[in-house]
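Each chain is listed here by its residues.
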Amino acid sequence: MSGTVLPARAGRSAPPALVIAALVWITMILLIAVFADQLRPFGITALDLKARLLPPLGFGGTAQHLLGTDELGRDVLSRLIVSIRISLVIAFGATAIAAVLGTTLGFLAAHFRGWVEQVVLMLIDFQASMPFLILALAVLAFFGNSLPLFVTLMGLYGWERHARIARGLAIAANAQGYAAAIRQLGARPSRIYLRHVLPNIAATLIVAATLSFPEVVLLESGLSFLGLGVQPPMTSLGNMVGYGREYLTRAPWILLAPSAVIVLTTLCVSLLGDWLRDRLDPTLS
Amino acid sequence: MLRFLALRLVRAALTIALVVTFAFVVLRLSGDPAVIIMSPEAPAEAIAAFRKAWGLDQPIWIQYINYFGAILHGELGQSMRDGRPAIALVLERIPATLALTLPAFALKLCLGIPAGIQAALHRNSLTDRLVMAGAVAGFTVPSFVLGLLLVLLFAVTLGWLPSGGQDGWRSGILPVITLGLGGAGILARFTRSAMLEVLGQHYIRTASAKGVPWRAVVRNHALPNAAIPTVTVIGFMVGSLIAGAVVVESVFSWPGVGRLLIVAVANRDLAVVQCILLMVAGTMVTANFAVDLLYGLLDPRLRGAR
């Protein structure tokens, strides 16, 4: 998600200040997620019953609990740091699953055409025409909730975007000289698609992933907010908002801290994605 | 035109069939319905009798056909919580949901479309920047955060409006604003980019060059052409009238379909979930079908294509 995804030609002019600010925020959030265990001052389940509902520093709180504490005296900052890690891991995992699944189906459709392509197109239509939240809720109702299932389910979000792009671009690539030349040399289809077509269309797919990443964060936090996503004692950003809602009148900081992180992160990734799209591929919408 | 209609109808029917298949597959994958409904401790004979009574002893494809037939007859099962037909439970919640989603839909249209058009007509102006900033906020601020912030401001701090529940029109204001603002942002963004695309076309320049007043160019040439992509988004919004308020209803404890769905999911009340799933699929497909028809009216070129 850092500067490494930019190909050489994107370096012609410096990105706007807003995009740089977004990159700084994203880098910071990533570092927090990676070093969560070193950064958090307290354990997420460590209770301090003498310091319950303590406001943040500057609003009558102490330096020991910078962002205050919740009803059980748990440190909000520590919970926030761990929540960032869990929400990001889920969002990254889900985006990766969606990208791999969508690209594979798109390649299959482009390679076999005929009925395979029709089936893939029908699945794309189905996925695009149903609100994903409802489908996800239905699956959770039928199967119950567990973390692996939840991540897999999130991974079904947005695959149709990758499938559509991969299919279109692979069909176009098949008509070009380089794919035909490799095929004439006797390369297996898997080699053609993975070693030759994929690197040529990767930039577009990465942009698509950048666009669906914030949507996955919103979806995960929404489901966790409803109590149907990440389950306690684990915590995620949406989970914290859902919990903080109970103390809206007495301790709004429990809810405001994770809300701000969700909004800023989705905003920054969207800004970055929009900018990347304009640079790399203006045709993608 | 008839061929166009027929193709669209087939596609709509296929989507519904896919949703029913999805429900059937997920339902069967989640475990043996006999064991789930009778409880695992039930005697073996009772389970066998239950299987026979409900046709669960037959091959899976016959079960599938029977399932399809039952749904076509409107038999959607009973709620496991209070034994009433699932469809009745869902239907009695629909008015409450529509009481939120219809005004919110109007708010989206009245706010989003004019804002998008103004932003496109005055590209890079202050208006444009404000509209775009609002639009980005519209889809990066999740509805539960926006809703809770509104509650914090207008209910807790100022005390002007109730924070939740459903008594009187005043309790509907905050949920409608929460729903409407997010959608208006998305709509404004779409309208703006559709307008910008159209305004760059040759026929707009031709119309201006031959002396047509700018207002007339916008009204007669730009707006109708920009309507096509915008109608798609509006169609999606119509389709989500029934289930588009799941999160917002939860935030404001509003007794609508979304609330029912969340409770049903938490309790694994499968019949109710399935009923809502099919109803949402029905509205989405109908809305998409209507959008396709509108396309045909708006753009004669699309009638033959695709």
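So, how was this worked out
- Residues numbered from 1 in each chain as written.
- Chains lettered and ligands numbered in written order.
- Predicted model: local features only at pLDDT ≥ 70, side-chain atom pairs only at ≥ 80, totals over all residues.
- Heavy atoms only, no water.
- Helix = DSSP H or I, 4+ residues; strand = E, 2+ residues; numbered from the N terminus.
- Buried < 20%, exposed > 50% of the residue type's maximum accessible area, 1.4 Å probe, protein only.
- Contact = heavy atoms within 4.5 Å.
- Lys, Arg positive; Asp, Glu negative; His and termini not counted.
- Charge placed at Lys NZ, Arg CZ, Asp CG, Glu CD.
- Core = buried A, V, L, I, M, F, W, Y, C linked by side-chain atoms within 4.5 Å.
- Domains from an automatic or database assignment.
- Buried area = accessible area lost by both parts, 1.4 Å probe.
- Salt bridge = Lys/Arg side-chain N within 4 Å of Asp/Glu carboxyl O.
- Polar contact = N/O pair within 3.5 Å; in protein donor to acceptor, adjacent residues only side chain to side chain.
- Nonpolar A, V, L, I, M, F, W, Y, C, P; charged D, E, K, R; others polar.
- Patch = residues over 30% accessible without salt bridge, like charges linked within 9 Å, V, L, I, M, F, W, Y side chains within 5 Å.
- Areas by Shrake-Rupley, 256 points an atom, 1.4 Å probe, with all protein chains shown as cover.
- Phe/Tyr/Trp six-rings, centres within 6.5 Å; stacked < 30°, edge-to-face > 60°.

## Concerning the overall build of chain B
Of the regular secondary structure elements, chain B holds 13 helices and 0 strands. Overall size of chain B, expressed as C-alpha extent along the three principal axes, is 85 × 60 × 25 Å. Here chain B holds 306 residues, and the buried ones make up 44% of them. Excluding contacts between residues fewer than 6 apart, the proportion of contacts in chain B whose partners are at least 24 apart in sequence is 72%. Taking the average location of the 24 positive side-chain charges in chain B and that of its 14 negative ones, the two points are 17 Å from each other.

## Topic: helix 6 (residues 147-155) of chain A
Think of an α-helix as turning once every 3.6 residues; residues three or four places apart then point the same way. Listed in full, the buried residues belonging to helix 6 of chain A are Phe150(A), Leu153(A), Met154(A) and Gly155(A). Buried-residue contacts for helix 6 of chain A involve helix 3 (76-112), helix 5 (132-143) and helix 9 (189-225) of chain A.

## Points about the nonpolar core
For soluble globular proteins, nonpolar side chains are generally found buried alongside one another. In this structure, Ile84(A), Met154(A) and Leu277(B) are the most contacted members of the largest nonpolar core, which totals 124 residues. Mapped onto the domain boundaries, this core takes at least three residues apiece from domain 1 (2-72) and domain 2 (87-304) of chain B. In this structure Leu277(B) touches Met130(A), Ile134(A), Leu135(A), Ala138(A), Val19(B), Phe22(B) and Ala23(B), once residues within four positions along its chain are discounted. Residues Ala173(A), Tyr193(A), Ile201(A) and Leu205(A) belong to the second largest nonpolar core, which totals 13 residues.

## Regarding unusual backbone geometry
All names here are of chain B. Although it is not a glycine, Asn 124 sits at a positive phi angle of roughly 70 degrees. With respect to the secondary-structure elements, Asn 124 resides in the loop between helix 5 (86-121) and helix 6 (126-140). Here Asn 124 falls in the exposed class, since its relative accessible area comes to 52%. At Ser 253, a position not held by glycine, the phi torsion is positive, near 40 degrees. Of note, Ser 253 is situated in the loop between helix 11 (246-251) and helix 12 (257-267).

## Some details on the interface of chain A and chain B
Listed as interface residues are 39 residues of chain A and, on the opposing side, 41 residues of chain B. In total, about 3600 Å² of surface goes out of reach between chain A and chain B, with carbon and sulfur atoms giving 83% of it. Taken as a group, Phe126(A), Ile134(A) and Phe142(A) account for 19% of the area that chain A buries against chain B, more than any other trio of residues on that side. Run the count over chain A and chain B and you get 1 salt bridge. Put simply, Arg189(B) and Asp274(A) hold a salt bridge, and the shortest N to O gap is 3.6 Å. The tally of links between chain A and chain B comes to 3 residue pairs in polar contact (both at pLDDT 80 or more). For the side of chain A that touches chain B, the secondary-structure elements that each account for two or more residues are helix 4 (114-129), helix 5, helix 9 and helix 11 (253-280) of chain A. Of the residues that constitute the side of chain A that touches chain B, the class distribution is 27 nonpolar, 8 polar and 4 charged.

## A closer look at the domain arrangement of chain B
All names here are of chain B. Taken domain by domain, chain B holds domain 1 (2-72) and domain 2 (87-304). Computed from C-alpha coordinates alone, the two centres of domain 1 and domain 2 are separated by 34 Å. Each partner contributes to the interface: domain 1 provides 14 residues, whereas domain 2 provides 13 residues. When the buried surface of domain 1 facing domain 2 is broken down by residue, Phe 4, Arg 8 and Val 19 rank first, second and third, together holding 38% of it. Where domain 1 meets domain 2, there are 0 salt bridges. The interface formed by domain 1 and domain 2 contains 0 residue pairs in polar contact (both at pLDDT 80 or more). Residue assignment for the side of domain 1 that touches domain 2 shows that the elements contributing at least two residues are helix 1 (2-29) and helix 4 (60-72). Looking at the side of domain 1 that touches domain 2 element by element, the count peaks at 12 residues for helix 1. Counted by class, the side of domain 1 that touches domain 2 contains 12 nonpolar, 1 polar and 1 charged residues.

## What to know about the pattern of salt bridges
Residue and element names in this part refer to chain A. This model, assessed by the stated rule, comprises 7 salt bridges over all chains. The residue Arg 85 makes a salt bridge to Asp 37 at a minimum N-O spacing of 3.2 Å. Highlighted residues: Arg 85 in helix 3 and Asp 37 in helix 2 (residues 36-39), separated in sequence by 48 residues. Overall, the relative accessible area of 42% leaves Asp 37 in the partly exposed class. Note that Glu 117 and Arg 113 form a salt bridge whose closest N and O atoms lie 3.0 Å from each other. When its relative accessible area of 6% is taken as the criterion, Glu 117 is described as buried. When its relative accessible area of 37% is taken as the criterion, Arg 113 is described as partly exposed.

## Re a nonpolar patch on the surface
Among the surface-exposed residues, Leu31(A), Val34(A), Phe35(A) and Leu39(A) lie close enough to one another that they form a single nonpolar patch of about 380 Å² accessible area. Mapped onto the elements, Leu31(A) comes out in helix 1 (residues 17-34).

## What to know about the packing of aromatic side chains
Within this structure, the stated rule accounts for 9 aromatic pairs over all chains. Between Phe225(A) and Phe144(B), the ring centres sit 4.5 Å apart and the planes meet at 10 degrees, which makes this aromatic pair stacked. You can see Phe225(A) sitting in helix 9 and its partner Phe144(B) sitting in helix 7 (residues 143-157), one on each of two chains. One exposure class covers both Phe225(A) and Phe144(B), and it is buried. Relative to Phe68(B), the ring of Tyr64(B) has its centre 5.5 Å away and its plane inclined at 85 degrees; by these criteria the two rings are edge-to-face. Of the two residues, Tyr64(B) and Phe68(B) both sit in helix 4, 4 residues apart, roughly one turn of that helix.

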